[in-house]
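# Geometric and topological summary
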Amino acid sequence: MCTVCGCGEGETRIDGKATDAEHEHIGPDGKVYRHRHGDGHGHDGGHGHDGGHGHAHHHHDDTHEHVAPDGTVFRHSHTGHAHHDHDHDHGDHDHVHAHHRPDRPDAIDGGAALNQPRLITIERDILAKNDGLAAVNRRRFAERGVFVLNLMSSPGSGKTTLLTRSLTDLKGRFPVAVIEGDQQTSFDADRIRATGTPAVQVNTGKGCHLDASMVAQAADKLAAEGGFAEDGVLFVENVGNLVCPAGFDLGETHRVVVLSVTEGEDKPLKYPDMFVRADLLVVNKIDLLPHLTFDVERMIGYAQRLNPSLAVIQLSATTGQGLEEWYDWIADGLAEARASHTASAVV
C-alpha cells in the first residue's frame, strides 16, 4: 500500500499487461538501475522485487517497518522477537503480523492512531524515489525536445473530451502522443486512438494517480511502437482525482488542471495543493454558464490567491470557444522545448 495516499500497488497494467517489463529505478547512490520484476534480481539496496519484497535483513540490526491494512506503521526486529507473534511469509508479501500494541489515547473512532513520525519518514522516502525517477524522465524528454503536459482534474471535468478535440484539431501541426491513466478500462485510450493518435493505456488498479515509473514504462512502450517522436507533444492524462496526482512529479514540462464550471467555484480552496502546483488552469464547459450560477471570477480569484503565477484559459471543448488560445499556449511551449533541444544539441 502506498503510505502517501493509501492506494494499492502491484496492480498496474500497461495496455492490459502487468507491469513486469524492464524499467528503471533510482538507487541510493543516485545511479539509474534498469531491471524487470520477477527475474530474481537484487540491485543495491537489497530488495527482491518478485512481487513481494525480499527484505534485506541484517541480523546485527534488522529493525524495519511494515504498514498494516489499517495504515498503522509497525517497527520491529526479526531477531529476539519472541515477545510478539509473527506469522511471516516473505515470498508473497501477504504476510500477517500479529503485534501487541497498547490502546492509544489519540486513536480515531476507536481505531489505532498512526505513528506519524514514522509514516512521514516513509512518505518522504517514497516521494524522494519518485522524484529521482521523474528527474530522469524530464532529462530524457528534454533531450528529445518533447513538451510534456500532465493533465489533471476531477472525474467529469471534460478532460478527455478536451484532449480528443485538441488532438483532432492539432493533427498535422506537430507530432503528438498520449499516455492515458485510469484505474480500469481502456475507454478513454480507445477514444484517443480513434483520432489517429498513438496512445498507451495505464490502468492503476487501486491506485489513484500515475507516478514517474508508470510514465517511464509507458513512454518506453510508445517509443518501441514508433509512436513517440522527437520535437512533439506528449499529453499525460492523469487519473481523475484532485488530490493524489498533485503530489507526484512525472517529469512533465507543465501541469495543467482542468476545472469545469459544473463542479463548484470553491474547488481551489477545497483542494489547494492541486492549484498551488499547477502552471495552467483550464476552465472548461463555459458554454454552460448561462444555465448555472457559477461565478468564474470568484473561482479564478481563489485559485490565484493560492498561486499568483497561475495562468488561466477559459474554453469550451464542445463549442470550440477559447480553443485557439489553448492551442497557442501549447505551440509556444513546444517551441521553447524545441529551442532548448536544439541549443543543447549544438553544445
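Residues numbered from 1 in each chain as written. Predicted model: local features only at pLDDT ≥ 70, side-chain atom pairs only at ≥ 80, totals over all residues. Heavy atoms only, no water.

The name recorded for the protein in an unreviewed UniProt entry is Hydrogenase maturation factor HypB, from Azospirillum lipoferum.

## A short note on the overall build of the protein
The number of helices and strands found in the protein is 8 helices and 15 strands. Residue burial in the protein is summarised as follows: out of 347 residues, 44% are buried. The long-range fraction of contacts in the protein, counting pairs at least 24 apart against all pairs at least 6 apart in sequence, stands at 66%. Roughly 16900 Å² of accessible area belongs to the protein as shown, and the carbon and sulfur atoms make up 50% of that amount. (Helix = DSSP H or I, 4+ residues; strand = E, 2+ residues; numbered from the N terminus. Buried < 20%, exposed > 50% of the residue type's maximum accessible area, 1.4 Å probe, protein only. Contact = heavy atoms within 4.5 Å. Areas by Shrake-Rupley, 256 points an atom, 1.4 Å probe, with all protein chains shown as cover.)

## Notes on the packing of aromatic side chains
Taken as a whole and assessed by the stated rule, the structure comprises 2 aromatic pairs. Ring geometry for F147 versus W329: centroids 6.2 Å apart, planes at 55 degrees, classification tilted. Of this pair, F147 sits in strand 9 (residues 147-153) while W329 sits in helix 8 (residues 323-346), and the two are 182 residues apart along the sequence. F147 gets classed as buried once you look at its relative accessible area, which sits at 1%. Measuring from ring centre to ring centre gives 6.0 Å for W326 and W329, while their planes differ by 10 degrees; the resulting arrangement is stacked. Taken as a pair, W326 and W329 lie in helix 8 at a separation of 3 residues, close to a single helical turn. Judged by its relative accessible area of 1%, W326 is buried. Taken together, F147, W326 and W329 form an aromatic cluster joined through their ring pairs. (Phe/Tyr/Trp six-rings, centres within 6.5 Å; stacked < 30°, edge-to-face > 60°.)

## Comments concerning unusual backbone geometry
In this model, T185 sits at a positive phi of 70 degrees, which is unusual for a non-glycine residue. As for its placement among the helices and strands, T185 is situated in the loop between strand 10 (176-182) and helix 3 (187-193). Residues other than glycine seldom take positive phi values, yet D231 does so here, at roughly 55 degrees. Along the chain, the position of D231 falls in the loop between helix 4 (212-224) and strand 12 (233-237). Judged by its relative accessible area of 25%, D231 is partly exposed.

## Observations concerning the sheet that holds strand 10
Spatial strand order, 2-1-11-10-12-9-13-14-15: 9 strands in an open sheet with mixed pairing. Strands at the two margins of the open sheet, each flanked by one partner only, are strand 2 (17-18) and strand 15 (311-314). In this structure, strand 14 (residues 280-284) lies alongside strand 15, joined through 4 bridges in parallel fashion. Bridge assignment links V282 to a residue of strand 15, and that residue is I313. Against the sheet, helix 2 (residues 159-170) makes contact with strand 9, strand 10, strand 12, strand 13 (254-260) and strand 14, and its axis sits at roughly 160 degrees relative to strand 12, the strand it touches most. Strands strand 13, strand 14 and strand 15 of the sheet are contacted by helix 7 (residues 296-306), whose axis makes an angle of about 155 degrees with strand 15. (Pairing = 2+ DSSP bridges. Axes fitted to C-alpha atoms, helices over the stretch in contact; angles between N-to-C directions.)

## What about the nonpolar core?
One finds F235, W326 and I330 to be the most contacted residues of the largest nonpolar core, which totals 27 residues. Mapped onto this core, the elements with two or more residues apiece are strand 9, helix 2, strand 10, strand 12, strand 13, strand 14 and helix 8. Looking at which element gives the most residues to this core, the answer is helix 8, with 6 residues. The contacts of W326, once residues within four sequence positions are left out, are L149, L151, L162, S166, F235, V256, L280, V282, I313 and L315. (Core = buried A, V, L, I, M, F, W, Y, C linked by side-chain atoms within 4.5 Å.)

## Comments concerning helix 7
Taken together, the buried positions of helix 7 are occupied by V296, M299, I300, Y302 and A303. The buried side chains of helix 7 occupy one side of the element, clustering within an arc of 155 degrees when seen end-on. Structural note: helix 7 exposes E297 and R305 on the side pointing more than 90 degrees away from its buried face. Of the surrounding elements, those touching the buried residues of helix 7 are strand 13, helix 5 (267-270), helix 6 (272-277), strand 14 and strand 15. (Arc of directions from axis to C-beta.)

## Focus: the pairing of strand 12
Of all 5 residues in strand 12, 5 are buried, a share of seventy percent or more. Residue alternation in strand 12 divides its side chains into two sets, V233, F235 and E237 and L234 and V236, and both sets are buried. Looking at chain direction, strand 9 and strand 12 are connected through 5 bridges and run parallel. Across the sheet, the residue bridging to L149 is F235, located in strand 12. Summarising the sheet, strand 10 and strand 12 pair through 5 bridges and their orientation is parallel. Among the inter-strand pairings, V176 is bridged to a residue of strand 12, identified as V233.

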